[in-house]
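Architecture and fold: a report
Here is what each chain is made of, one letter per residue.
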Amino acid sequence: MKREINIFAIKIVVCAAIAAFVHGLTFMFLGGSLPYLVPGILLAGGAYLGFIDRTPIEHGHFFKRGVALLFGAVAVWLVAPQGQGAMIPWQPY
């Protein structure tokens, strides 16, 4: 049981690391990240972990779907436009 959870945890880390690595590469070589690339990778990783992965974890379907929901929520947060109301109005000294 513990071995399966460790394998699934490694899969989670690998999916997140791939998104971070692609973000770093596009930032270094293109001068910025492409708008929907990293969220797309996170959505694909969440779909894989939540619905396609076959790691046998006892009562794991809830955990797997939760991880998929987390990856999807982070992807939506990255795509959502940042509002101007969240900025602090700086005043010059």
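To be clear, the structure that these remarks concern was listed above.
Residues numbered from 1 in each chain as written. Predicted model: local features only at pLDDT ≥ 70, side-chain atom pairs only at ≥ 80, totals over all residues. Heavy atoms only, no water.

Points about the overall build of the protein chain
Heads up, the condition is: Helix and strand labels come from DSSP, where a helix needs a run of H or I of at least four residues and a strand needs a run of E of at least two; each type is numbered from the N terminus. For this measure, only C-alpha atoms enter the radius of gyration; the expected value for a globule follows 2.2 Å times N^0.38, where N is the number of residues. Residue burial is assigned from relative accessible area. The probe radius is 1.4 Å, only protein chains are included, and a residue is buried under 20% of its type maximum, exposed over 50%, and partly exposed in between. Any pair of residues with heavy atoms lying within 4.5 Å of one another is described as a contacting pair. In these tables, accessible area is a Shrake-Rupley quantity obtained with a 1.4 Å probe, and a residue counts as shielded only by the protein chains included in the view.
Looking only at helices and strands, the protein chain features 3 helices and 0 strands. Going from the N terminus to the C terminus, the protein chain shows its helices and strands as α-α-α. The C-alpha atoms of the protein chain give a radius of gyration of 17 Å, which is well past the 12 Å a tight globule of 93 residues would have. Burial statistics for the protein chain: of 93 residues in total, 26% are counted as buried. Within the protein chain, contacts between residues separated by at least 24 positions form 62% of all contacts whose residues are at least 6 apart in sequence. Summed over its atoms, the accessible surface of the protein chain is roughly 7,200 Å², and 73% of this surface lies on carbon and sulfur atoms.

So, the environment of C15
Positionally, C15 belongs in helix α1 (residues 2-30). With a relative accessible area of 15%, C15 lands in the buried category. Spatially, the C-alpha atom of C15 lies 16 Å from that of V76, the residues being 61 residues apart in sequence. In contact with C15, other than residues within four places in its own chain, are G45, Y48, L49 and F71.

Remarks on a nonpolar patch on the surface
Stated precisely, the cut-off is as follows: Patch membership requires more than 30% relative accessible area and the absence of a salt bridge. Residues of like charge join within 9 Å; the nonpolar side chains Val, Leu, Ile, Met, Phe, Trp and Tyr join within 5 Å. Each salt bridge in this description consists of a side-chain nitrogen of Lys or Arg and a carboxyl oxygen of Asp or Glu lying within 4 Å of one another.
A contiguous nonpolar patch, built from Y36, L70, V74, W77, L78 and V79 and spanning about 630 Å² of accessible area, is present on the exposed surface. Relative to the helices and strands, V74 resides in helix α3 (residues 60-79). For V74, a relative accessible area of 33% puts it in the partly exposed group.

A short note on the side chain of K64
Mapped onto the fold, K64 is located in helix α3. The buried category is assigned to K64, whose relative accessible area is 9%.

Quick word on the pattern of salt bridges
If you walk through the whole model with that rule in mind, you get 2 salt bridges. D53 is paired through a salt bridge with K64; the nearest N and O atoms lie 3.7 Å apart. On the criterion of sequence distance, the pair formed by D53 in the loop between α2 (37-52) and α3 and K64 in helix α3 is long-range, its members being 11 residues apart. A single burial state applies to D53 and to K64, both of which are buried. A cluster of three or more residues bridged by salt bridges with shared partners is formed by K11, D53 and K64.

Topic: α2
Stated precisely, the cut-off is as follows: The span you would expect from a helix comes to 1.5 Å times its residue count less one. Read the arc as the range of directions from the helix axis to the C-beta atoms.
Taking 1.5 Å as the rise per residue, α2 with 16 residues should run 22 Å; its terminal C-alpha atoms sit 21 Å apart, in good agreement. Looking only at α2, the buried set comprises V38, P39, L42, G45, G46, L49 and G50. For α2, the buried positions fall inside an angular range of 125 degrees around the axis, keeping them on one side. Within α2, the exposed residues directed more than 90 degrees away from the buried face are F51 and I52. Of the surrounding elements, those touching the buried residues of α2 are α1 and α3.

Keep in mind that these numbers describe shape and distance, not what the molecule does.
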